[in-house]
Amino acid sequence: MENNRQKKIAGILQSDIATLIQKMLREAGQTQLVVSVTKVNVTVDLSIAKVYLSIFPAAHAKAMMEEIKTVTPNIKHQLAQLTRDQLRKMPDLIFYLDDSLEYIESIDKALEGEVDPVKNPDLLGKRKKS
């Protein structure tokens, strides 16, 4: 359960990270790539921020995530400059790929009949035993 302080910081980080990443993409000349920040979770002690990114088209997602992970210190520095009046200490940023759009698309294809997971069980992901 997040408290109000965590929610406020997560909202600030989400909008500022989205602005920074879009600016970096524009400067790099990446015009056919859309990166959005879908969610930010901040730990209770405000030391770690988990940032979930949705990347379209999905074919470029892994390469883009690797590139973002290499420039994470630069993103953190620029973010600290933007939020210096609101935060005393900048949380460490950990980026994750949010693949919920691909999951929804695969469900839509299964419902439309394009892909039948009943006839081909290899299409379904293997469940982990708890």
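As a reminder, the structure under discussion sits directly above these lines.
Each chain has its residues counted from 1, running along the sequence as written. Totals for whole chains, interfaces and linings use every residue, but because this is a predicted model, local features are given only for residues with pLDDT of at least 70 and side-chain atom pairs only at 80 or more, for both listing and counting. Side-chain calculation: all heavy atoms of the structure are included, whereas hydrogens and water are not.

### Considering unusual backbone geometry
The linkage connecting Phe56 with the following residue, Pro57, adopts the cis geometry, with an omega of 0°. Helix numbers and strand numbers start at the N terminus; a helix is a DSSP run of H or I with at least 4 residues, a strand a run of E with at least 2. Inspection of the secondary structure assignment puts Pro57 in the loop between strand S2 (48–56) and helix H2 (61–70). A positive phi angle, close to 60°, is found at Leu46, a residue other than glycine. Structurally, Leu46 can be placed in the loop between strand S1 (34–42) and S2.

### A look at the sheet that holds S2
In this description, strands pair whenever DSSP reports at least two bridges between them. Strand order in the open sheet formed by 3 strands is S1-S2-S3, and the pairing between neighbours is mixed. Looking at which strands have only one partner, the edges of the open sheet turn out to be S1 and strand S3 (92–97). Neighbour-to-neighbour, the strand axes of this sheet turn through a mean angle of 30°, independent of strand direction. The axes are straight lines fitted to the C-alpha atoms, using for helices just the contacting stretch, and the angles between their N-to-C directions are given from 0 to 180°.

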